[in-house]
Structure formats: C-alpha cells, structure tokens
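Geometric and topological summary
In case you want the letters, here they are:
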Amino acid sequence: MIVGAGAAGLMTAIWAARGLVGSDAKIVLLDGAKTVGVKILVAGGGRCNVTHHEVDERQYAGGSRNTVRNVLRRFDVPRTVAFFAALGVELKREQTGKLFPVTDSARTVLDALLGEITRLGVTLRYPWRVGAVERTPGGGFVVRRQESDQAIECRHLVLATGGMALPKSGSDGGGYTLATALGHTLTEHMYPALVPLVVADASRWLADLSGISAHVRVDVCSGAGKRLATFENDLLCTHFGLSGPAVMDASRWLSEARTHDPDATLRICWLPGETFEGVDGALTRFGARPLLAWLRERLPERLARALCQTLDIDPAQPGSRLKKEPRRALAHTLVGMPVHIAHDRGFTHAEATAGGVPLNEIDPRTMRSRACEGLWLVGEILDVDGRIGGFNFQWAWSSGYTAGTALAAASASPQASA
Ligand SMILES: Cc1cc2nc3c(=O)[nH]c(=O)nc-3n(C[C@H](O)[C@H](O)[C@H](O)COP(=O)(O)OP(=O)(O)OC[C@H]3O[C@@H](n4cnc5c(N)ncnc54)[C@H](O)[C@@H]3O)c2cc1C
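Rules of the game
- Residues numbered from 1 in each chain as written.
- Predicted model: local features only at pLDDT ≥ 70, side-chain atom pairs only at ≥ 80, totals over all residues.
- Heavy atoms only, no water.
- Domains from an automatic or database assignment.
- Contact = heavy atoms within 4.5 Å.
- Buried area = accessible area lost by both parts, 1.4 Å probe.
- Salt bridge = Lys/Arg side-chain N within 4 Å of Asp/Glu carboxyl O.
- Polar contact = N/O pair within 3.5 Å; in protein donor to acceptor, adjacent residues only side chain to side chain.
- Helix = DSSP H or I, 4+ residues; strand = E, 2+ residues; numbered from the N terminus.
- Buried < 20%, exposed > 50% of the residue type's maximum accessible area, 1.4 Å probe, protein only.
- Core = buried A, V, L, I, M, F, W, Y, C linked by side-chain atoms within 4.5 Å.

This part covers the domain arrangement of the chain. We note that the domain assignment places domain 1 (2-191 + 347-417) and domain 2 (197-344) within the chain. On a C-alpha basis, the centres of domain 1 and domain 2 stand 39 Å from each other. With 9 residues of domain 1 in contact, the opposing surface of domain 2 contributes 9 residues. Carbon and sulfur atoms make up 58% of the area that domain 1 and domain 2 hide from each other, which totals about 840 Å². Counting across the domain 1 and domain 2 interface gives 2 salt bridges. In this structure, D249 engages R387 in a salt bridge whose closest nitrogen and oxygen atoms are separated by 3.3 Å. Counting the contacts that link domain 1 with domain 2 gives 4 residue pairs in polar contact (both at pLDDT 80 or more).

For A5, the position within the fold is in the loop between β1 (2-3) and α1 (7-19). Taking relative accessible area as the criterion, A5 reaches 1% and is therefore assigned buried. In this structure the C-alpha to C-alpha distance between A5 and Y126, which are 121 residues apart in sequence, comes to 9.0 Å. A5 has contacts with L10, L29, L30, D31, V36, G37 and L124, leaving out every residue within four places of it along the chain.

Core analysis: the biggest nonpolar cluster contains 82 residues, and L113, L157 and W395 have the highest contact counts within it. Of all the elements, helix α13 (residues 391-412) adds the most residues to this core, at 11 residues. Beyond its immediate stretch of four places on either side in the chain, L157 contacts M1, V3, V133, F141, V143, L182, G374, L375 and W376.

Here you go:
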C-alpha cells in the first residue's frame, strides 16, 4: 500500500509492480486529493522540469549528503531519461541544464506515469485520504480513511505523502502525523524552501521595482557577516519583495540561519563577478560621463536610478563629481547590498519543504524505515530539499525507484522482508 500518488508514490508503485509481474501481490495507491498529480501538473510553470542535466548531492540540503548521493546513484539522470523515453516521454535539455518534456506540457509526464500504473494493474483510489495508520497483531498495517469507517489492511506500507508546500495540492503535512504515529521523529525545524521573500519596510523600495529582473549573486550571511551560502542566478522584484531562482534557492538557507541567528540576512551583488575594488576603481575613472550611463550598461535603468536614490546620489551627475564617500558607498551597494527581509511567503507559495523525517531513520539502500518494520518512506516527506532546476523531482524518482525495487524483492520473498 502506497499512501500518496505524487511523483515519489507513482514511481514506487511502478517499480514495485514491475518487479512483481506474475505474482499474487497487489499494489494499492491511495491519494487524498480530488485530482491526482497536481504538483506534477503545476511544476515548471506547467511544463514540468523533470530533472536536471547534472544532478549530485551538493544540490540538496537537509540530511546526510552521503545518503542523498547513495539514493541518487541508484537511479541517476541517464536512467531517468531512459525511463521516461520508454514511457514515450522524450526530454529535452534547456540552456540552464533543466530537462523538460519535448511537448512542453506537464500533462505528458503525468499521463505517462498514470498510464504505466494502469498497464501494470496497480489500483489507484482517490480521493481516499488516510487519517490514521495502526499496526496489526500479524505485523502488517491497517490504514483508516479519514472521516469514514473504511479501512484497508496491508503487509508493506509506503509513506509518499510529500511535505507541506502548496497544501491545496493535498500535501499538507498530514503524512508527518502518520510517520510519527509509527515511531518516526521529525527534524526540529521545518520551513518552506524555494519560496519568495517579503521585504521589510527598510527595503520596501525593491517592491516598488516590481517586474524588474536582473542576473545577480545572492549571499546568505550570518548576523556577523559570514557568508553561509551563495547563489548566482536571476532575481525578480515583485509587489511584495523578491522572487526568482537566486532568491528562491537562498530562501531555505536564510530561514535555517534565522532559527538560531535572527540577524542573518541576504546580500545582493548586482554585478556578479565584480569586486568592491574593481567597481570603485571603475567609478573613479569616469571622467565627464554621467553616472547613469555607466550603470545603465550593467543594470535595468529603473533599478540603477533606485539604487542611486537610496544613497542620495544624483545619477545624472558626471562621474568625476562623485565624492569619495558616496562613490565607495555605491561600490559597496553594487557588490553586496544588504536586504531587509521580513519573512518568507509561507508554504502556500513554496515549492518544497525543508526538514521532515530524518534520513538516518531510513536505510538508503531500500528506503525502509529503521523505526518500523514493514514501513518505507520516499520523496519529500524525508529531510531532503533540492535547489530549483528539477532536483526535487529527481529525488522523488530516485527514492521511488529504490523503494519500489526493494519492495518487490521483499514482497516476492517473505523471508527477505522478515
Ligand atoms: C508550484 C510548484 C512547482 C514545482 N516545480 C518543480 C519542478 O519543476 N521541478 C522539480 O524538480 N520540482 C518541482 N517542485 C517540487 C516537486 O513538485 C516536489 O518536490 C515533488 O512533487 C515531491 O514529490 P512527492 O511525491 O514526495 O510529494 P507530492 O508530490 O507532494 O505528493 C504527495 C501526495 O500525497 C498525498 N497525500 C498527502 N497526505 C495524504 C494522506 N494523509 N492520505 C492520502 N494521500 C495523501 C497528496 O495528495 C499528494 O498527492 C514544485 C513544487 C511546487 C509546489
């Protein structure tokens, strides 16, 4: 029995069923949502960024990177590409390294997965929300439907219930209650990952630049100024503050730092690759050219003007008139401007969950629970979150494959599962 028919649950079902063809074993997939696979459908702006050209454990945060590496290696990117190709879903690589279906439609991906579970005879029931799970005296499980007296018994149970991001999709954290009822713990902190950030009043002017984007480097810094994480990518100013991949990637690191250091902050380098000395030197060699002309070559004009305004510098003045103090202040701002972040936009606007069931509570060779015999955990319910770019789905495919193949082996041989 697999609870959760998202990416990880579907993948687990497919590989378990493939390994059990011809046996009497029955695979049931339950999902509480009215529509199955919502996250696959909305992913990548409706195009579904299935994976990334280069995936390794350094693109993930949360629990042990060794464990993440071991699981990713069991089902790597070439195998993922081949798996989807065999289901009729050709993937194409974009300049950023992200892989999308050639159809540019997430529906292709979901339909292929659903088609395969149907072909393999997996029973999919939805909406069938699991409200409780208990052990049976025989060592199996009884899974109880929420707000109903329906129940199903099973020998092996997989929790593929996801995290808390986009709760209206059905992944609202209910799976954590099931996991803890069966003996698991949860990480001390759980917070939204890959989430846009709301600026505080002191940085409100950034929200006034809504619609402007720039290629930047975002540093997550401790209150004492130590750089904790760095991301170079695009940033987007929005009506509430900041979004775009560089900010979304940084968001979980800021939240993590703030759990013990409330002064942790973001710094934006508007000219990635430039140093303070380089920019200060360039500003001193301006001559009669207006400051704005130089800035405009490097930044959107509205942003350039706003940066000058925050420093009380007239952008129209010739560079040669810029005094040392404002010149240095401008150089500092261009290469490492602190941003005052009020909070993130919460799980409703997040793409992933940081935290979850600790990785040391599963066996990475099989995804079997170390806390509860017969239980398996896959996907985002675990303490793993990847960067933007297809890494979260790759975790779902790899962990689902690992569990599915191991489940098939365990179900085929009762001794092996004992
Ligand atoms: C807007 C958005 C865009 C994204 N885009 C991408 C992208 O392009 N590329 C990428 O790699 N990642 C992307 N992600 C992240 C990715 O979607 C997730 O990491 C991935 O879907 C996690 O898979 P999962 O199967 O573990 O969980 P989920 O996909 O969350 O599936 C869990 C399922 O369990 C069900 N469930 C939960 N509790 C219960 C219960 N008690 N009973 C029964 N069923 C239950 C839910 O209804 C849900 O269907 C995106 C996420 C969001 C929110």
